[in-house]
Amino acid sequence: MGKAKAKAKKKTTGARAKRDRRRKLATEAPASAEELLASVPGLDALQDVPAFDDLPVDDAQRAAFDDFCTHVEKPEQMQLGAVVRLDRGFPLVATAGDTFRAEYAVGFAKSRGEDEVLLPAVGDRVAVRRAPGHDMGVIECVLPRRTSFERWRGRARGERQVLCSNVDSVLIVQALGAGEVLLDRVARSLVLALDCDAEPVVVLTKADRCEADELERDLDRVRRLVGPDVRVIVTSSAEGLGLDEVRACVPAGSCAMILGESGAGKSTLLNALLGHDALATGGVRERDDQGRHTTVARVMVALPGDAGVIADAPGLRSLPLVGHERGLARAFPEIVEASRACRFGDCTHTHEPGCAVREAEDAGQIDSLRLETFQNLASSMRVSAQILDPDVHL
Ligand SMILES: Nc1nc2c(ncn2[C@@H]2O[C@H](COP(=O)(O)OP(=O)(O)OP(=O)(O)O)[C@@H](O)[C@H]2O)c(=O)[nH]1
Ligand SMILES: [Mg+2]
Ligand SMILES: [Zn+2]
């Protein structure tokens, strides 16, 4: 589709056009790669896109790039790049000299199932080929990920999706003012962040929506849950509260990813940090405070001034914890430590005699709120592990 035509099409609004488009969608074959690409935003429409220098390449990645180049044809066409957006599956790659759209090399197309983690994700440092005279690049290799924030995709045990790679910190966003903050959700996010070696930071949004006593109660519960080592920040994008504290968690050269349900105020927070409306935001349903999945692409934005990069992403409804035992142990180290003295190796710390964890709780050494949360997570992890593999007994 030509540019002019695309523009004209964009302008078509109203109920009739909508109906026509729906009809078209229903009868047409799935869009081809070219059609999809045409619907992806052009570079000139994007703001705050990080530059290559905002996303440092570490020694292991540079060495892997050099090594890769010694094995390919026409290595002079290869560049080091960073994937800074994924729109409808199309990566936007920033290199030292230029930023451009890219597609995956044919080899990636074969990646399915367990290999899906090999597909380029936002935050990846990659080897990208740009043949002379080509607008598009081709990603040929994903360089080793320093960290990788992954989520189970809901089929076999090993099937994971990389939401963002080379992440330094995870901003766990939860909205205030819609009933009690869901501790289970905060705990799951904490486990996922720690599992991938990223620093978790809890960001409670929309503080303007709740009374002081409600805020104090929520803050107290969240602080008890995450313990003294995890920062908890109270923000209101509407009133500009807590923004400097969030900014301080994302120093220059680092990358944070933002994690939270749809409607939690993720994109609004990023816009407040950027100082202008770069990202689309949407309303929430009054009935249950759920958002409308306004953000559909995975995008990175560079914060202004001396600060790093934050990755925005669509809200996640569920956070299954399949295979994140390491993260669970890191989130609740005192419980894991105490459990070594339990009489039974497979103690669930609920009813067994000789349970050192419950003894520690009685002695006031383990917080009961943390223990309760730990038990809920551990039991849901046991159930999902057994559903996937009846031979697994956690
Ligand atoms: N009162 C108040 N409302 C806010 C605040 N931050 C966000 N909102 C509102 O919350 C709604 C959802 O905000 P978004 O930023 O689109 O939420 P999101 O987390 O990006 O949602 P998805 O993109 O759907 O995942 C919008 O109506 C915002 O105006 C805040 O600090 N105070
Ligand atoms: Mg959003
Ligand atoms: Zn026990």
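Given the structure is predicted, the values throughout are model-derived calculations rather than measurements. (Residues numbered from 1 in each chain as written. Chains lettered and ligands numbered in written order. Predicted model: local features only at pLDDT ≥ 70, side-chain atom pairs only at ≥ 80, totals over all residues. Heavy atoms only, no water.)

Now for the coordination of the zinc ion (ligand 3). Ideal coordination angles are 109.5 degrees for a metal with four donors arranged tetrahedrally and 90 or 180 degrees for a metal with six donors arranged octahedrally. Of the protein atoms, only Cys342 (SG), Cys347 (SG), His349 (ND1) and Cys355 (SG) coordinate the zinc ion (ligand 3), at distances of 2.1 to 2.4 Å. Around the zinc ion (ligand 3) sit 4 donor atoms, and with donor-metal-donor angles ranging over 103 to 115° the site reads as tetrahedral. Read in sequence order, the donor residues for the zinc ion (ligand 3) give the motif C-x4-C-x1-H-x5-C. (Donors = N, O, S within 2.8 Å, 3.2 Å for Na, K, Ca; no water. Tetrahedral: all angles 85-135°; square planar, octahedral: opposite > 155°, others 65-115°.)

Turning next to a negative patch on the surface. Residues Glu211, Asp213, Glu216 and Asp220 make up a contiguous surface patch of negative charge. Relative to the assigned elements, glutamate 211 resides in the loop between β9 (199-205) and α7 (212-226). For glutamate 211, a relative accessible area of 57% translates into the label exposed. (Patch = residues over 30% accessible without salt bridge, like charges linked within 9 Å, V, L, I, M, F, W, Y side chains within 5 Å. Areas by Shrake-Rupley, 256 points an atom, 1.4 Å probe, with all protein chains shown as cover. Salt bridge = Lys/Arg side-chain N within 4 Å of Asp/Glu carboxyl O. Lys, Arg positive; Asp, Glu negative; His and termini not counted. Charge placed at Lys NZ, Arg CZ, Asp CG, Glu CD. Helix = DSSP H or I, 4+ residues; strand = E, 2+ residues; numbered from the N terminus. Buried < 20%, exposed > 50% of the residue type's maximum accessible area, 1.4 Å probe, protein only.)

This paragraph deals with α7. Its 15 residues give α7 an end-to-end C-alpha distance of 21 Å, which sits within 8% of 21 Å, the value for a rise of 1.5 Å per residue. Of all the residues in α7, the buried ones are Asp218, Leu219, Arg221, Val222, Leu225 and Val226. Along the axis of α7, the buried positions cluster into a sector of 165°, meaning they face one direction only. When the buried face of α7 is taken as reference, the exposed residues oriented beyond 90 degrees from it are Ala212, Asp213 and Glu216. Once α7 finishes, glycine 227 follows within two positions and takes phi at roughly 80°, a positive value. (Expected span 1.5 Å × (residues − 1). Arc of directions from axis to C-beta.)

With that settled, consider the confidence of the model for the chain. Averaged over every residue, the pLDDT of the chain is 84; residues scoring 70 or more account for 81%. Segment residues 1-13 is flagged for pLDDT under 50; beyond a separation of four residues in sequence, or across chains, it makes 6 contacts in the model. Confidence drops under pLDDT 50 across residues 21-28; counting only partners more than four residues distant or on other chains, this segment forms 3 contacts. (pLDDT = per-residue confidence, 0-100. Contact = heavy atoms within 4.5 Å.)

Within strand β6 (residues 148-152), 5 of the 5 residues are buried, which leaves it mostly tucked inside the rest of the structure. Burial of the side chains of β6 extends over both faces: Ser148, Glu150 and Trp152 are buried on one face and Phe149 and Arg151 on the other. Across 5 bridges, β6 lies against strand β7 (residues 160-165) in antiparallel orientation. Counted as the bridge partner of arginine 151 is glutamine 161 from β7. (Pairing = 2+ DSSP bridges.)

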